[in-house]
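Chain by chain, the residues run as shown.
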Amino acid sequence: MEDILSAKSGIGGFFSNFGTALARGDWSVKLSLLWWGAGYARRRQFAKALLMTLVEAGVAAFTLLFAMQYVPKFGTLGTVQAEQVFNIATMKTEWNDYDNSFLILLFSLFSFVVWFAAAAVWMRNVVNVYRLQLQAEAGRHVNTFAEDLRSYLDEKFHITLLALPALGVAVFTVIPILLLILVAFTNYDQQHMPPTNLFSWVGINNFVTLFSGGSSVTLGFGYAFVRVLGWTLVWSLFATFTTYIGGILMSLLLNNKMVRWPKLWRTMFMVTIAVPQFVSLLLMRNFFSNGGIANTICANIGLTGFLRDIGAISTAYIPFLSAPGWAHVMIILINIWIGVPYQMLIATGVLMNLPGDQLESARIDGANPYQTFRHITMPYMLFVTGPALVTDFVKNMNNFNVIYLLTQDVYTTTNQVMANAQAREVDLLVTWLFTLTQDYYNYKMASVIGIMVFVVCAVITLVAFNFMIRGDKEEGYQ
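Bear in mind that the values here come from a model prediction, so they are computed numbers and not experimental data.

Caption draft 1: Up close: the overall build of the protein. Tallying secondary structure elements over the protein gives 20 helices and 2 strands in all. Relative to its length of 478 residues, the protein is extended, with a C-alpha radius of gyration of 31 Å against a globular reference of 23 Å. Taking the principal axes of the C-alpha coordinates as reference, the protein spans close to 90 × 85 × 40 Å. Every one of the 478 residues in the protein was classed for burial, and the buried ones make up 39%. A sequence separation of at least 24 residues applies to 67% of the contacts in the protein between residues at least 6 apart. Total accessible area on the protein stands at roughly 26,800 Å², and carbon and sulfur atoms take up 67% of it. Each charge class in the protein can be summarised by its mean position, and for the 28 positive and 26 negative side chains these summaries are 4 Å apart.

Caption draft 2: Structural view of unusual backbone geometry. For the peptide bond that leads from P194 to P195, omega is 5 degrees, which places it in the cis range. Counting through the fold element by element, P195 comes out in the loop between α7 (157-183) and α8 (205-211). In this model, L77 sits at a positive phi of 60 degrees, which is unusual for a non-glycine residue. Inspection of the secondary structure assignment puts L77 in the loop between α4 (46-65) and β1 (84-87). A positive phi angle, close to 55 degrees, is found at Y441, a residue other than glycine. Topologically, Y441 is positioned in the loop between α19 (429-438) and α20 (443-468).

Caption draft 3: Seen up close, the packing of aromatic side chains. Here the structure, examined in full by the defined rule, presents 23 aromatic pairs. Centroid distance F18 to W122: 5.6 Å. Interplanar angle 50 degrees. Geometry classified as tilted. Here the residue F18 occupies a position in helix α1 (residues 10-24), and W122 occupies one in helix α5 (residues 101-137), the gap between them amounting to 104 residues. Relative accessible area serves as the criterion here: at 26%, W122 is assigned to the partly exposed category. Taken together, a centroid distance of 5.2 Å and an interplanar angle of 40 degrees make the contact between F185 and F207 tilted. Linking F185 in the loop between α7 and α8 with F207 in helix α8, this pair joins segments that are 22 residues apart in sequence. We note R227 situated over the ring of Y223; from NZ or CZ to the ring centre the distance is 3.7 Å. Its guanidinium or amino end placed over the ring of W261, R260 lies 4.8 Å from that ring's centre, counting from NZ or CZ.

Caption draft 4: Up close: the confidence of the model for the protein. On average, residues of the protein score 85 in pLDDT, and 93% of them are at 70 or above. Counting interchain partners and residues more than four positions distant, the pLDDT-below-50 stretch residues 214-218 has 6 contacts.

Caption draft 5: Focus on the environment of Y443. Considering the arrangement of structural elements, one finds Y443 in helix α20. As a C-alpha pair, Y443 and V208 span 235 residues in sequence and 16 Å in three-dimensional space. Aside from chain neighbours lying at most four places away, what touches Y443 is V183, Y188, D189, M193 and T437.

Caption draft 6: Just the environment of E425, in detail. The topology assignment puts E425 in the loop between α18 (416-420) and α19. Sequence spacing of E425 and T413 is 12 residues, and the spatial spacing of their C-alpha atoms is 6.8 Å. When sequence neighbours within four positions are dropped, the list of residues in contact with E425 reads W231, P324, H328, Y411, T413, N415 and M418. In terms of polar contacts, E425 uses its side chain to reach the side chain of T413, at 2.9 Å.

Caption draft 7: Summary view of a nonpolar patch on the surface. A grouping of V234, L237, F238, F241, I245, L249 and L252 is seen on the molecular surface, where their side chains present a nonpolar patch of about 550 Å² in accessible area. Inspection of the secondary structure assignment puts L252 in helix α9 (residues 220-254). The exposure class of L252 is partly exposed, given its relative accessible area of 30%.

Caption draft 8: The arrangement of α7 in detail. The end-to-end C-alpha distance of α7, which contains 27 residues, comes to 38 Å, matching closely the 39 Å that a straight helix rising 1.5 Å per residue would cover. Among the residues making up α7, those that are buried are I175, L179, L182 and V183.

Caption draft 9: Spatial organisation of the packing of helix α14 (residues 326-351) against helix α17 (residues 400-407). Axis separation between α14 and α17 bottoms out at 11 Å; the angle between their running directions is 125 degrees. Our classification of the angle between α14 and α17 gives oblique. Where α14 crosses over α17, the handedness of that crossing is right-handed. Residues I331, I334 and N335 of α14 form the contact with α17, whose own contacting residues are V402, I403, L406 and T407. Across the contact of α14 with α17, the residue classes tally to 5 nonpolar, 2 polar and no charged.

Cut-off values and rules
Residues numbered from 1 in each chain as written. Predicted model: local features only at pLDDT ≥ 70, side-chain atom pairs only at ≥ 80, totals over all residues. Heavy atoms only, no water. Helix = DSSP H or I, 4+ residues; strand = E, 2+ residues; numbered from the N terminus. Rg over C-alpha atoms; globule rule 2.2 N^0.38 Å. Buried < 20%, exposed > 50% of the residue type's maximum accessible area, 1.4 Å probe, protein only. Contact = heavy atoms within 4.5 Å. Areas by Shrake-Rupley, 256 points an atom, 1.4 Å probe, with all protein chains shown as cover. Lys, Arg positive; Asp, Glu negative; His and termini not counted. Charge placed at Lys NZ, Arg CZ, Asp CG, Glu CD. Phe/Tyr/Trp six-rings, centres within 6.5 Å; stacked < 30°, edge-to-face > 60°. Lys NZ or Arg CZ within 6 Å of the ring centre and 35° of its normal. pLDDT = per-residue confidence, 0-100. Polar contact = N/O pair within 3.5 Å; in protein donor to acceptor, adjacent residues only side chain to side chain. Patch = residues over 30% accessible without salt bridge, like charges linked within 9 Å, V, L, I, M, F, W, Y side chains within 5 Å. Salt bridge = Lys/Arg side-chain N within 4 Å of Asp/Glu carboxyl O. Expected span 1.5 Å × (residues − 1). Axes fitted to C-alpha atoms, helices over the stretch in contact; angles between N-to-C directions. Parallel < 35°, antiparallel > 145°, perpendicular 65-115°, else oblique. Left-handed = near helix turned anticlockwise from the far one by under 90°. Nonpolar A, V, L, I, M, F, W, Y, C, P; charged D, E, K, R; others polar.

This is the structure we're talking about:
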């Protein structure tokens, strides 16, 4: 009998194969719905039958002994408030058997993931035993348990290698992301902090709060979100392209034959990369603080007084990192100083592989250096480093270090609506999220903002990559 399952793949094929196996399988295939090892036992594969029976027993034990303690409370996230009660038997004040909303949410989610994986194994098991039935009916060889084990060290070795990483991704990436999404639909904040307090489901109220417009104090999150998102996008654009273009220009300059001691200059720039970034940023923060060296120098040369006389500032110091506008510009300039050397090294490596025949043809045709840069060098750089450029843009959207280390304890917002949302004009979405969680324990709004960070980064990445890979540009540089 022909194996009608072999040509089907993907999610649709998976469910189709399961339906086919269930409809056409013999009694042992159908019995596998209740006893996972039945189909293997029918084909005298007792080791597989025992293994699947143990897996089924493990899922049942997990459900009865662990999951049922939390999943039934998932709909309410707990109803018993923590309180101390007097125990007459022990004559002591003790904590009651209270509910912990966070543990209920976390362990219920974990149970759902385990059940989902168990359901996938259950359905796959039915398909496998049906395939064994087809092989037996066709008189083909049926692998023994030992042969299957050897196959996972040979032609299926990739599955063996990926098993542990896949499990790690599920536990340390998928579950935390799903937990973040679920918290966004609760009122988990400082007033509802487990274990002493319960939190509950509030639906889309947190999203309504974030996207509500206006500038009143009650609508502070909507007001702050628009401004923080705008600055995040502006910062990412400037931080990415200023360092990118600056690195290319610096690499071209150092590779120019008219520049003397290029190795010395290149080494000096590389030293800035060797210094830990947080050290450089903290030094720059102190350097440009209200009482820092930069302000002292500016006051001594009369620049501070001049700016005050023309109305550019209203303080006795230049607010490099403590006022809107000034801080935005300084953050971008400091990031250029930090980021250009790294981009210079990348550009140097790429430019070494620039097609020499195209450069020679351009010189023969009379192209000047600017035309060569515009029509050959820059398109080639974008072709090679385009994906990395998109990655840098997304990375800058989440560039926590630069913003936090330069403005922490230096910048304080004077906008009451921004302050009401625990945000500042210089915050990125990621630093705003950090402040909400670490300083104000507002996990519900932090989760909503975390979801928005993911959505914005995903949309930008998909659109940018789709634009860059459109067409066949590789043949032009062969």
